[in-house]
Amino acid sequence: MLLLECPYCGVKAEETELSPGYEAHLKRFGPGSTDEEFEAYMFARKNPKGVHFERWRHSYGCGKWFLAARCTATLEVFGTYPAQVGEPPADIIEKIKARRPDWKGYK
Amino acid sequence: MKRYSVFAIAREALRHHTGWQRAWTSPAPKRDYDAIIVGAGGHGLATAYYLGKNHGIRNVAIIEKGWLGGGNTGRNTTIIRSNYLQDSSAAIYEKSRSLYETLSQDLNYNVMFSPRGVMMLAQTHHEVRGYQRTAHANALQGVQTEFITPQRVKELCPILNIDGPRYPVLGALWQARGGTGRHDAVAWGYARACSEMGMDIIQQCEVKGVRSENGKVTGVETTKGFIGCKKLGIVVAGHSGQVAEMAGFRLPVEAVALQALVSEPIKPCMDIVVMANTVHGYMSQSDKGEMVIGGGTDGFNNYTQRGSFHHIEETLRALIETFPIISRLKMLRQWGGIVDMTGDRSPIISKTPLGNCFINCGWGTGGFKAIPGSGWAMAELMAKGEPGPLAAEFDMWRFKEGRFIDESVAAGVAH
Ligand SMILES: Cc1cc2nc3c(=O)[nH]c(=O)nc-3n(C[C@H](O)[C@H](O)[C@H](O)COP(=O)(O)OP(=O)(O)OC[C@H]3O[C@@H](n4cnc5c(N)ncnc54)[C@H](O)[C@@H]3O)c2cc1C
Ligand SMILES: [Zn+2]
């Protein structure tokens, strides 16, 4: 069972308390964007076998959205952090690099 | 290769079964092939089979990182139906279903196609309208389905509780010629037929890279070395994003886990397939007597072939409400597969940015039923370089252009 620590209330929440929200740090495109940009935003999601950043909601707790760095191949969790950031914080990146030296980095 | 027949069984019975041949060979890879298929699941094997049978292309290798049929093809709950809403879906799924009718004879391998009937319960007014619409669409498409009353539902499946407290059964979409098949046998039957045509099935060989020059694939890097090819077909389901990335393009596909489970075997109690999409569960009974059960996908990207326990709980809760008699059954086995989900829940059978590279993926939770039709359409695409009528609408650029083949409304849940 997946355990994620909610960065707001500090609760180590198990999956039944959480709702998944797929890819984090999405750049949104709307009217005026090119077809390619809009397609990439709507459908061409990152789907890595390995390190992935995603949105989760502590739905049966504080109700807030937060972000998590997780490995999709092993279910290892590298860390969670509040959602009000444009990209993963440096300490999370460091933690991932320590665990996955061959990781190509966040793009 | 010797044909399987009743006489062969009698002959072998008299000589202690010493005369059976291997069903397929396990050759070392050659230096190059006219066509390479990556992935020996049902779709990859069927593609190879129809390349040989319909288009005379037999210098073919099928490369598989594990064992053939060990992906989703060997992990699914084997529901076969073609009662989809959109015309392009109905066309390819019905082609597939009708190929299943004679597949055992065609392959000389018993795939145990059992057209026992598939019933999709309508448990909300929204679903009633949705399924009535599908039944009308199917009538126009020439797919035989009908919308039936709760009384008829009860006649067809007496163990169903039609006046459940939360979601009473208001009717159902019934496809009498839908049913089930034996998943392993479909993979094995195609594999045997491919091998007989002289194709090489190379197992325990993972594709690690795709080599290309001037926008054309020249071959694949594998754990058994470089293998050259004139055409490449990528048919790897849950790993489509990975292999596409090796070939240098991104797919509108996400990989998530889908689980299934079976109960201890019991005496025959239901002879049709029942799907209850509102409560997220479906069930049929295998020839061994096990109740075969499935539900919805997990909600996050996952490559572990392991799902979350609470999804199984949800599925069982829904099915106990629908089939009260199963409440005391013990569950024997549970497993997961990694399914490739697209944004409109329809597959991709498409050309790619690389001229001689083709992709078949996105069957998600419902591609077992599509194996023969998908192989047929993919073989046509690979042989001619252009899609035929079956595959025409399923290209990967439809997402950019907004030409969705929206089946997520018609089948909110699995298979
Ligand atoms: C639990 C569950 C229940 C389902 N129930 C139904 C159902 O009732 N009805 C229905 O119609 N469908 C159902 N499905 C969906 C169905 O199983 C799939 O859509 C279908 O089997 C896909 O077949 P495939 O040949 O494309 O993929 P697979 O059978 O997964 O084959 C792909 C193959 O590619 C190989 N591969 C991957 N990467 C590489 C690589 N780099 N190099 C070499 N080989 C590679 C894999 O090892 C695998 O064997 C279900 C799926 C699951 C998981
Ligand atoms: Zn919280």
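Check the entry above for the structure.
Described below are features of the structure shown in this document.

Rules used throughout
- Residues numbered from 1 in each chain as written.
- Chains lettered and ligands numbered in written order.
- Predicted model: local features only at pLDDT ≥ 70, side-chain atom pairs only at ≥ 80, totals over all residues.
- Heavy atoms only, no water.
- Pairing = 2+ DSSP bridges.
- Helix = DSSP H or I, 4+ residues; strand = E, 2+ residues; numbered from the N terminus.
- Donors = N, O, S within 2.8 Å, 3.2 Å for Na, K, Ca; no water.
- Tetrahedral: all angles 85-135°; square planar, octahedral: opposite > 155°, others 65-115°.
- Axes fitted to C-alpha atoms, helices over the stretch in contact; angles between N-to-C directions.

1. With respect to the pairing of strand β11 (residues 225-234) of chain B
Residues and elements named next belong to chain B.
- Pairing of strand β1 (residues 32-38) with β11, which is carried by 6 bridges, proceeds in the parallel orientation. Following the sheet pairing, Ile 37 is matched in β11 by Gly 233.
- Taken together, the 4 bridges between strand β10 (residues 216-222) and β11 define a ladder with antiparallel strand orientation. Paired with Glu 221 across the two strands is Phe 226, which belongs to β11.
- Hairpin remark: β10 followed by β11, antiparallel, with 2 residues in the connecting loop.
- Across 3 bridges, the pairing between β11 and strand β18 (residues 357-361) is parallel. In the strand pairing of β18, Gly 233 is matched with Phe 358.

2. A closer look at the coordination of the zinc ion (ligand 2)
All names here are of chain A.
- Bound to the zinc ion (ligand 2) on the protein side are Cys 6 (SG), Cys 9 (SG), His 58 (ND1) and Cys 62 (SG), at distances that span 2.0 to 2.3 Å.
- For the zinc ion (ligand 2), the 4 donor atoms in the first shell make angles of 102 to 121 degrees at the metal, so the coordination geometry reads as tetrahedral.
- Each donor residue of the zinc ion (ligand 2) belongs to the same chain, and together they define the spacing C-x2-C-x48-H-x3-C. Of this pair, Cys 6 sits in the loop between β1 (3-5) and β2 (12-14) while Cys 62 is found in the loop between β4 (51-57) and β5 (65-71), placing the two residues 56 residues apart along the sequence.

3. Some remarks on the sheet that holds strand β14 (residues 281-285) of chain B
All names here are of chain B.
- With mixed pairing, 8 strands are arranged side by side in an open sheet as β5-β6-β4-β13-β14-β15-β12-β16. Looking at the sheet topology across the chains shown, the edges are occupied by β5 (146-148) and β16 (331-342). Mean inter-strand twist for the sheet, computed between neighbouring axes without regard to direction, equals 25 degrees.
- Summarising the sheet, β14 and strand β15 (residues 291-301) pair through 4 bridges and their orientation is antiparallel. Opposite Met 283, over in β15, you have Ile 293 as the bridge partner.

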